[in-house]
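The primary structure of each chain is shown beneath.
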Amino acid sequence: MDRRHLLLVLAGLAAPGAAVAAGGEKKKSGGGSYVPIQTLIASTTRSPSRRGVLTVDCGLDVPDEALRLRATQSAPRLRAAFVQTIQAYAAGLTPGAVPNADYLASTLQRQTDTILGKPGAKLLLGVILVN
């Protein structure tokens, strides 16, 4: 028997056992009420001749199960609104300026409440990086 076939068979046999050992459910980072949002990226100006990148890492904490389901289903729409806001903010960011985390948090929180239809999901900001 070819070694590659043997390895594929062994990997196939080990995979169901690993899923059962982990409780049958894939672990999400941030706990059960956390809804991750992909990293948001926008271009900015670092100096008159150089471009930079503004990167924002965020997620949502949604304790209500029904609202969490809605947030999970609305994740592409939320991300699109967030990216649009980050791009507009990055375009107006002056070279060498530090991003205003409070402004970004309040704006993104307002958009979250609007898209989900009611408050209850808390926006969590991670890293805000200008490179």
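Here is what the cut-offs are and how they apply
- Residues numbered from 1 in each chain as written.
- Predicted model: local features only at pLDDT ≥ 70, side-chain atom pairs only at ≥ 80, totals over all residues.
- Heavy atoms only, no water.
- Pairing = 2+ DSSP bridges.
- Helix = DSSP H or I, 4+ residues; strand = E, 2+ residues; numbered from the N terminus.
- Axes fitted to C-alpha atoms, helices over the stretch in contact; angles between N-to-C directions.
- Parallel < 35°, antiparallel > 145°, perpendicular 65-115°, else oblique.
- Left-handed = near helix turned anticlockwise from the far one by under 90°.
- Contact = heavy atoms within 4.5 Å.
- Nonpolar A, V, L, I, M, F, W, Y, C, P; charged D, E, K, R; others polar.

**Student:** Sorry, what's going on with the sheet that holds strand E2 (residues 50-61) here?
**Tutor:** Either a parallel or an antiparallel arrangement is found when strands of a sheet pair, and the pairing is made through backbone hydrogen bonds. The antiparallel open sheet is built from three strands, whose spatial order is E1-E2-E3. Sheet topology places strand E1 (34-47) and strand E3 (122-130) at the edges, where each strand pairs with a single neighbour. Each strand axis lies, on average, 20° off the axis of its neighbour in the sheet, ignoring direction. In this structure, E1 lies alongside E2, joined through eleven bridges in antiparallel fashion. When the bridges of E2 are listed, isoleucine 37 appears paired with cysteine 58.

**Student:** Which parts of the structure should I look at to understand the pairing of E2?
**Tutor:** For a regular strand, side chains alternate in direction, first toward one face of the sheet and then toward the other. Hairpin connection, E1 to E2: the antiparallel pair is bridged by two residues. Looking at chain direction, E2 and E3 are connected through seven bridges and run antiparallel. Paired with leucine 54 across the bridge in E3 is valine 130.

**Student:** How do you make sense of the packing of helix H3 (residues 75-92) against helix H4 (residues 101-116) when you look at a structure like this?
**Tutor:** Working note: a packed helix pair is described by the angle between its axes plus the distance between those axes. For the pair H3 and H4, interaxial distance at closest approach is 10 Å and the crossing angle is 150°. Here H3 is positioned roughly antiparallel relative to H4, judged by the angle of their axes. Every pair of crossing elements has a handedness; the one defined by H3 and H4 is right-handed. In this structure, H3 uses Arg77, Leu78, Ala81, Phe82, Thr85, Ile86 and Tyr89 to contact H4, whose residues at the interface are Tyr103, Leu104, Thr107, Leu108, Gln111, Thr112, Ile115 and Leu116. Classifying every residue of the contact of H3 with H4 by side-chain character gives ten nonpolar, four polar and one charged.

Remember, this is a structural readout, not a statement about activity or role.
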